[in-house]
Amino acid sequence: MAKNLLIVESPAKAKTIEGYLGKDFLVKSSYGHIRDLVKGDMGIDTENNFAQTYEVPADKKQVVAELKKLAKEAEMVWLASDEDREGEAISWHLFETLGLKENKTKRIVFHEITKPAILKAIESPRTIDYNLVNAQQARRVLDRLVGFELSPVLWKKVKPSLSAGRVQSVAVRLIVDREREVNKFNAAAAFKISAKFSTGNARETVKAELPQRFEQENDAEKFLQDNIKATYKISSLETKPAKRNPAAPFTTSTLQQEASRKLGFPVSRTMQVAQRLYESGKITYMRTDSVNLSETALTAAANEINSAYGSKYHQPRTYKTKSAGAQEAHEAIRPTYFDQHTVTGDSSEQRLYELIWKRAIASQMSEAQFEKTTAHIAISTRPEHLVAEGEVMKFDGFLKVYLESSDDDENDEQENENILPPLAKGQDLQLNVMQAIERFSRPPARYTEASLVKKLEELGIGRPSTYAPTISTIQNRGYVVKEDRDGRTRSFGSIILEEGKVSKSVKTEITGAEKSKLFPTDIGEVVNDFLVEHFTGIVDFNFTAKVEKEFDEIAQGLQNWTTMLHAFYKPFHKEVEVTTETADRANGERLLGVDPVSGKNVYAKVGKFGPLVQIGQNDDEEKPKYASLMKSQSVATVTLEDALEQFRLPFQLEDYQEKEVSVGVGRFGPYVKWGEAFISVPKNEDPLTIDYARAKEIIDEKITADAPVAHYQDLPVTKGTGRFGPFIKWNELFINVPKAYNFDFLSDSDIAELIAKKVEKEANRYIQQWPEEKIALENGRWGPFIRFGKDMLKLGRNPATNDKYTPEDLSVLSLDEVKKLIVEQVPNAFEPKTKKKAAVKKTTVKKPAAAKATVKKAPAKKAAAKK
């Protein structure tokens, strides 16, 4: 037995480290956290200094049992979890749960998984840093308190099953605020003047622009008219050197931003790939807000630059971390070995590694040098001057390796280099063409995942370990969606002066198209507005940043974590109580106007099943009419006209092949109904524009798609594409088609092979089943399990053998025995369900309806008690 047990979080990390240590070390993985706050209740005693109740999850009990056994046998236990606060907390949980002793436990940290780094860490162990543990506990407890106390308020006042979180709510607020800025924005138009000249020498051309713009079309046209007989001369020429410096090596946030821009990676994917690169020893630790490089790294980078590019490309640089609370690690993200320009692995690992390598190596390279020329061109008939700017690269420096990208769309036009031909002061130029194009001011850009990370970092909200989970959470909760949206057609004026003549025309362009942008959902806006109104502190940017600073102070031993939590919890808990008692229900209701037919008010709001429009009020004698909004519409922006259009749905069309045809909108979006079949309308198609001819096309496409592509054992085989990808259907079996097959050209042998595999798998799927009870014992990917209704329940150990259940063990169990196993996990599984008594509706005397309904004012809200 090895004398030393070294515990890390992941098996990949364990495998890499095991290769560096001798036979005296056994390296094992804890598979992340081995315990967490109990589920079901808050797990925090607010009356007892926020004492926590932890539990080991069922899926970690075997891991804990094995680690306990190995720890007892070892002479020394080394806790080697990550060096950030979460890693420190994992080490503390291991120490507590495994019952370790201080004199037999050592804590080591390292920011790269290389043999020298691991051996150095072994030589300089320390004890668990309880300041870091307390900072992590404070974050976990505070976020649990916010979630457990706020969520029930949302269930009661907004909608069941909603949840709220401290950092996530602030992120949603940023996205909601930006969306409203975009919706309120009114574009201002102005005419931009540009011209193209020739010098008289071959193909030499000079592009120039007028620095100012004309707001009125008449002024722009007059400017071009005045230029018909003008002559042009270079009135001044200025040439000066310019330089550009490389960006600092990556922190977590800058890596997420650049991987999004250059590779198109979502932030969660970036972190998953970076984790694999770190655990395999290819890069340093990937959760950091430091831009520092170690002396070893600086030397290695210098050697590689001098070797690969020459000494003139090397320029040693040190960078200063902008974040005042930088604490997650002590070095930037960099390759562990600079002489490895690329690595083995899948394509995403290679691409991300090369990005990290280029950024780190470029940070130690020389500046790029340019010569910038600015020419002012005088117009004989006007007082204004046109300006031509050009840039020539004299030395590429770091640009030989890497150029940082930008989120700023407005810089797109300026990215193209404009190289000027040799020019001289007083030189005459000949006009080829001059144009005045109507351009429009742009609204603030909607957030991408990358730009949201940048904004959170600027505001001091969150830390390197929280950016990716925050962005994933707000999307998973349905408060935000990431999607592409089509633009709309816009007209713009164009005036051109060419060959002595001025011509005018109106052209069109597509504007407002968005790609992979973050949009708030209707429920996201309602929840945000409710929190802003009643819990201002929780969604206040300054408050959230202040909390992060307090966590930093706890980590540095400057503040007591329970004192900080008491200061937060008392007023917050009081706010929850007041809001629960006094706040009105929130549904984002917006009065759109009056229905011209009925004279009743028309509202848009979020209902039980999603966003809808309503004609009439709940207290009217006649029940209100409801219609769902389409996915492309929102409560915040839908107009009265568009809302009333929704009440045309569903509408009837002529019969087709003796079956009724109608168009409507359902739970899964717009559809054409043909007989009893519901056929989805293609994405982005407005169902209100569907006529009989288009409905027939959609039906015929479905008939063709559903037609058998083959027969197997005299039964038809059809194919289609569902939410999990391409599939074939045979004998009521849906069979996924893997990428190894060419879905568009499946042969008879392919189809027979796929069906045979599925039939064999289904035959081996059930060990026992009781369909009438909706209970089955099944073979799963990770072993047998119980299927109870829609739930999949894990099987514990067989008490007869004290080992895992085998399919043979399960094949002889009776239904009653299986039910006992179910009750162990779902105590009320077989208790009879009692129906709730229907609430007795109160009847009130209605006043006679007025001849014409007027716009009703929203009821005054109860005043919430202030803190």
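Everything that follows concerns the structure shown earlier in this document.
Source: prediction; values computed, not measured.

Asker: Requested: an account of the overall build of the protein, with residues and values cited.
Answerer: Scanning the protein for helices and strands turns up 22 helices and 36 strands. With the principal axes as the frame, the protein shows a C-alpha extent of 105 × 85 × 75 Å. Within the protein, buried positions represent 45% of all 867 residues. If you sum the accessible surface of the protein, you get close to 48,000 Å²; carbon and sulfur atoms cover 50% of it. Distance between charge centroids for the protein: 3 Å, based on 129 positive and 126 negative side chains.

Asker: Summarise the side chain of S81; cite the residues concerned and give the values.
Answerer: Within the secondary structure, S81 is located in the loop between β7 (76-79) and α3 (85-97). Of note is the side chain of S81, whose polar atom sits 2.5 Å from the backbone oxygen of G87. Those residues in contact with S81, other than ones at most four positions away along the chain, are I7, E9, K13, G87, E88, I90, S91, R107 and I108.

Asker: A description of the packing of aromatic side chains should follow, citing residues and the corresponding values.
Answerer: Within the structure shown, the criterion is met by 16 aromatic pairs. On the numbers, 6.0 Å between centres and 25° between planes, the contact of F543 with F568 is stacked. One end of the pair, F543, is in helix α16 (residues 541-555); the other, F568, is in helix α17 (residues 561-582), and 25 residues separate them in sequence. When the ring of Y712 is compared with that of W730, the centres are 5.2 Å apart and the planes differ by 75°; the resulting orientation is edge-to-face.

Asker: Could you give me a rundown of the packing of helix α6 (residues 166-184) against α16, with the residues and numbers involved?
Answerer: In a packed pair of helices, the relevant descriptors are the angle between the two axes and the axis-to-axis distance. At their nearest, the axes of α6 and α16 sit 10 Å apart, and the two run at 145° to each other. The handedness of the crossing between α6 and α16 is left-handed. Of α16, the residues touching α6 (which contributes R166, V167, V170, R173, L174 and D177) are F541, T544, V547, E548 and F551. Classifying every residue of the contact of α6 with α16 gives 6 nonpolar, 1 polar and 4 charged.

Asker: Which residues make up the pairing of strand β10 (residues 205-209), and what are the values?
Answerer: Of the two faces of β10, the one holding V206 and A208 is buried and the one holding T205, K207 and E209 is not buried anywhere. Sheet topology places strand β9 (residues 189-198) next to β10; 5 bridges connect them, and they run antiparallel. Paired with S194 across the strands is E209, a residue of β10. In this structure, the hairpin formed by β9 and β10 is closed by a connection of 6 residues, where G200 is found at a positive phi of approximately 95°.

Asker: Now, about the environment of K394: what can you tell me, with residues and values included?
Answerer: Within the fold, K394 resides in strand β13 (residues 385-395). Its relative accessible area of 55% is what places K394 among the exposed residues. A sequence separation of 88 residues divides K394 from K482, and the C-alpha atoms of the two residues are 42 Å apart. In this view, K394 contacts Q369, F370 and E371; residues no more than four positions away in its chain are not counted.

Asker: Just give me the short version of the pairing of β7, but keep the residues and values in it.
Answerer: Remark: a regular strand shows side chains that alternate across the two faces of the sheet. Burial of the side chains of β7 extends over both faces: M76 and W78 are buried on one face and V77 and L79 on the other. Sheet topology places strand β1 (residues 4-8) next to β7; 4 bridges connect them, and they run parallel. By the bridge assignment, L6 is partnered in β7 with W78. The pairing of β7 with strand β8 (residues 105-107) spans 3 bridges and is parallel. Bridging across to β8, W78 finds its partner in K106. For the segment spanning β7, α3 and β8, crossover handedness is right-handed.

Asker: Got a sec to walk through the pattern of salt bridges? Specific residues and values, please.
Answerer: Counted according to the given criterion, the structure contains 55 salt bridges. The salt bridge partner of K400 is D396, with a shortest N-O separation of 3.7 Å. Judged by its relative accessible area of 18%, D396 falls in the buried class. A salt bridge links R490 to E509, with the nearest nitrogen and oxygen atoms 3.0 Å apart. Taken together, the residues R490 in strand β16 (residues 488-498) and E509 in strand β17 (residues 501-511) connect sequence positions 19 residues apart. The residues R490 and E509 share a single accessibility class, namely buried. Put simply, E9, K13, D82, D84 and R287 are held in one network by salt bridges that share partners.

Asker: Account for empty space enclosed by the protein, naming residues and giving values.
Answerer: For the structure on display, the rule yields 1 cavity of 30 Å³ or more. Considering only enclosed or pocket space, the largest cavity measures out at about 80 Å³ in volume. Mapped onto the lining of the largest cavity, the elements with two or more residues apiece are α6 and α15 (522-534). Residues that form the lining of the largest cavity fall into these classes: 6 nonpolar, 5 polar and 1 charged.

Asker: Go over the packing of helix α5 (residues 130-157) against α15 with me, naming the residues and quoting the values.
Answerer: For the pair α5 and α15, interaxial distance at closest approach is 12 Å and the crossing angle is 115°. At the point where α5 passes α15, the crossing takes the right-handed sense. Residues L150, V153, L154 and K157 of α5 form the contact with α15, whose participating residues are V527, F530 and L531. Of the residues contributing to the contact of α5 with α15, the split by class is 6 nonpolar, no polar and 1 charged.

Asker: Can you explain the sheet that holds β8? Please cite residues and give values.
Answerer: With respect to topology, 4 strands assemble into an open sheet ordered β2-β1-β7-β8, the strand pairing being parallel. Lying at the two open borders of the sheet, with one neighbouring strand each, are β2 (25-29) and β8. Shown here is a sheet whose adjacent strand axes are inclined to one another by a mean of 25°, direction ignored. In terms of strand pairing, β1 meets β2 through 5 bridges, oriented parallel. From the neighbouring strand, L5 faces β2, where its bridge partner is L26. Contacts between helix α1 (residues 11-18) and the sheet are confined to β1 and β2, with β2 contributing the most and set at about 165° to the helix.

Basis of the calculations
Residues numbered from 1 in each chain as written. Predicted model: local features only at pLDDT ≥ 70, side-chain atom pairs only at ≥ 80, totals over all residues. Heavy atoms only, no water. Helix = DSSP H or I, 4+ residues; strand = E, 2+ residues; numbered from the N terminus. Buried < 20%, exposed > 50% of the residue type's maximum accessible area, 1.4 Å probe, protein only. Areas by Shrake-Rupley, 256 points an atom, 1.4 Å probe, with all protein chains shown as cover. Lys, Arg positive; Asp, Glu negative; His and termini not counted. Charge placed at Lys NZ, Arg CZ, Asp CG, Glu CD. Polar contact = N/O pair within 3.5 Å; in protein donor to acceptor, adjacent residues only side chain to side chain. Contact = heavy atoms within 4.5 Å. Phe/Tyr/Trp six-rings, centres within 6.5 Å; stacked < 30°, edge-to-face > 60°. Axes fitted to C-alpha atoms, helices over the stretch in contact; angles between N-to-C directions. Left-handed = near helix turned anticlockwise from the far one by under 90°. Nonpolar A, V, L, I, M, F, W, Y, C, P; charged D, E, K, R; others polar. Pairing = 2+ DSSP bridges. Right-handed = clockwise from strand over helix to strand, strands pointing away. Salt bridge = Lys/Arg side-chain N within 4 Å of Asp/Glu carboxyl O. 1 Å grid on protein atoms, 1.4 Å probe; cavity = no way out; pocket = protein on both sides within 12 Å on 5 of 7 lines; lining within 4 Å. Points joined across faces, edges and corners; volume = space filled by probe spheres on them.

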